[in-house]
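Overview (structure and organization)
Single-letter residue listing:
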Amino acid sequence: MAAARLLRYGWLPLLALLPVLGAASLRAAPGAVPAETAEDAQIAACRVRIAVSAPSIDQACLRRIYALPISEWPRPHISEGAVWSELAPLPEKPPEPADNPGTPEKIALGRRLFEDPRLSASGQIACANCHDRQLGWGDGRSVPFGHDRAPGTRNAMSVGMSAYASPLFWDGRAATLEEQALHPIEDMREMAFTLKQLERRLNRSDDYPAEFARVFGDRRITSQRVGQALAAFQRTLVPRFNRFDRFLEGRRDLLSDRQLWGLHLFRTHAGCMNCHSGAALTDNGFHNLGLHFYGRAREDLGRYKVTGDPADVGRFRTPSLRNVRNTGPWMHTGGFMDLRGVVNLYNVGMPRPKPRAHEVDDPLFPKTDPLLQPLDLHRTELEAITEFLQTL
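Everything quoted here is computed from the prediction, not taken from an experiment.

It is worth spelling out the state of the cysteines at this point. On inspection of all chains with the given rule, the structure shows one disulfide. Here C46 connects covalently by a disulfide to C61, the sulfurs 2.1 Å from one another. Between C46 and C61 the disulfide shows an S-S torsion of about -65°. By sign, it is left-handed. Taken together, the positions of C46 in helix α3 (residues 38-49) and C61 in helix α4 (residues 59-66) put the pair 15 residues apart, joining distant regions of the chain. For the pair C46 and C61, one class covers both residues: buried.

Now for the environment of S120. One can find S120 in the loop between α5 (104-114) and α6 (127-130). The class of S120 is buried, set by a relative accessible area of 0%. Residues S120 and P184 lie 64 residues apart in sequence; the distance between their C-alpha atoms is 9.0 Å. Each residue touching S120, except ones within four places of it in the same chain, is listed here: I125, M191, F193 and R201. A polar side-chain atom of S120 sits 3.1 Å from the main-chain amide nitrogen of I125.

Note on placement: T380 falls in helix α16 (residues 379-389). Note on T380: relative accessible area 19%, which makes it buried. Once residues lying within four places of it in the same chain are set aside, the contact partners of T380 are P55 and W261.

Applying the stated criterion to the full structure yields ten aromatic pairs. Note on F114 and W137: the rings are 6.1 Å apart at their centroids and 75° apart in plane angle, and the pair reads as edge-to-face. Here the residue F114 occupies a position in helix α5, and W137 occupies one in the loop between α6 and α7 (177-180), the gap between them amounting to 23 residues. Neither F114 nor W137 differs from the other in exposure class; each is buried. Between F212 and F216, the ring centres sit 5.8 Å apart and the planes meet at 25°, which makes this aromatic pair stacked. Placement of both F212 and F216 in helix α10 (residues 208-216) is noted, with a separation of four residues, approximately one turn of the helix. The buried category is assigned to F212, whose relative accessible area is 0%. Directly above the ring of Y208 sits R112, whose terminal nitrogen or CZ lies 4.8 Å from the centroid. Lying over the aromatic face of F293, R298 brings its terminal NZ or CZ to 4.4 Å of the ring centre.

It is worth spelling out the nonpolar core at this point. Grouped together as the largest cluster of nonpolar side chains are 44 residues, with contacts concentrated most on Y66, L263, F266 and L389. Residue assignment for this core shows that the elements contributing at least two residues are α3, α4, α12 (243-248), α13 (257-267), α15 (339-347) and α16. If sequence neighbours within four positions are ignored, L263 has contacts with Y66, W73, L87, F244, F247, L255 and F388. Counting residues in each nonpolar core, the second largest holds 25 residues, with M191, L195, I221 and F233 among its members.

What follows concerns unusual backbone geometry. For residues besides glycine, phi is generally negative; the peptide bonds are generally trans as well. The peptide bond linking S166 to P167 adopts the cis configuration, its omega dihedral lying at -5°. For the bond from G328 to P329, the omega torsion is 0°, close enough to zero to count as cis. Assignment of secondary structure puts P329 in the loop between β2 (315-317) and α15. Notably, W137 is not glycine yet its phi reads approximately 65°, a positive angle. Residue R149 is not a glycine yet carries a positive backbone phi of 60°. The class of R149 is exposed, set by a relative accessible area of 57%.

All right, on to the packing of α4 against α13 then. At a minimum axis separation of 10 Å, α4 and α13 run at an interaxial angle of 65°. By the angle class used here, α4 and α13 are roughly perpendicular. As α4 runs across α13, the sense of the crossing is left-handed. On α13, the residues touching Q59, L62, R63 and Y66 of α4 are D257, L260, W261, L263, H264 and R267. Residue classes in the contact of α4 with α13 are distributed as five nonpolar, two polar and three charged.

Thresholds applied
Residues numbered from 1 in each chain as written. Predicted model: local features only at pLDDT ≥ 70, side-chain atom pairs only at ≥ 80, totals over all residues. Heavy atoms only, no water. Disulfide = S-S within 2.5 Å. Helix = DSSP H or I, 4+ residues; strand = E, 2+ residues; numbered from the N terminus. Buried < 20%, exposed > 50% of the residue type's maximum accessible area, 1.4 Å probe, protein only. Contact = heavy atoms within 4.5 Å. Polar contact = N/O pair within 3.5 Å; in protein donor to acceptor, adjacent residues only side chain to side chain. Phe/Tyr/Trp six-rings, centres within 6.5 Å; stacked < 30°, edge-to-face > 60°. Lys NZ or Arg CZ within 6 Å of the ring centre and 35° of its normal. Core = buried A, V, L, I, M, F, W, Y, C linked by side-chain atoms within 4.5 Å. Axes fitted to C-alpha atoms, helices over the stretch in contact; angles between N-to-C directions. Parallel < 35°, antiparallel > 145°, perpendicular 65-115°, else oblique. Left-handed = near helix turned anticlockwise from the far one by under 90°. Nonpolar A, V, L, I, M, F, W, Y, C, P; charged D, E, K, R; others polar.

Pasting the structure below:
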């Protein structure tokens, strides 16, 4: 019973290291050169103290370890098969393709197009209807509504980090941001237009031909140029100057004790960096979270509808966690209104639907990603992770 309790709280590794720590703390013999400095020994002891999962943590040790360079932070807990990179501040300038540089004139044109309802068949729906700056570049709804108030089938993913996404959309059907920008225009549930009709309308307008001439060198308006301008604008929407970036850059005092604990758990016991790592906090991969409703009224096959690969049934793209506090409701269903509720669901390993009798031999029945496992974290640990997410 005692051994099981030790294992539950992660103390067995600590017990195994006690002889090492004890030896390091002994006074060196006269004339001998210490194997490590007192500071090294204290840091080693701190690493052990913060390595366990428990209802509380040694905050002084946590501060000491996370004051070190990022390369010396505790290594993330990464599952086999996961692709990750170390946490890092966002670059000053987002990546852009060589054939579509974001000049000030092009960005200004893209912003105007983004906010212009003339890009829709009805002349009433703009890109900004579903991607509002004040709502984290989403729309704050579970699913958006579009032409004739037709409801969408998935949550309107924030475009705030679209510069770092590839491929795009929940199912990855667009390879580039330039391509993504045109999809909603032709979607009958969204703007319900055609690209030919759009070109005709904008070429006949009193204002746009001159603006396109300033950007592209002539007055001809094509859907390709519309997509390039929209993409150039969307690449400027990256959230900047947040506490987390400044913390990574060296301002280690900017996170509260609980937020710092949340960062530590994010890296370690919660396993969040299996899917959310690097500067963009996403692997840009596709994962099955058990939210596919296979064989039911709300069925969504996700990536499978694009690739036709049975392994992709129920898989959806990993969104960036940047600005996540402002991008709810969350998940592709838009069914989670509370960020703490999302954290709770990850703590139990996400849903694992079981096939019904007639689905037992169904080769398409989706399986929840094995990267998702029950975490059994304490309430205080879940609160710390949630507070950390507020800083991103």
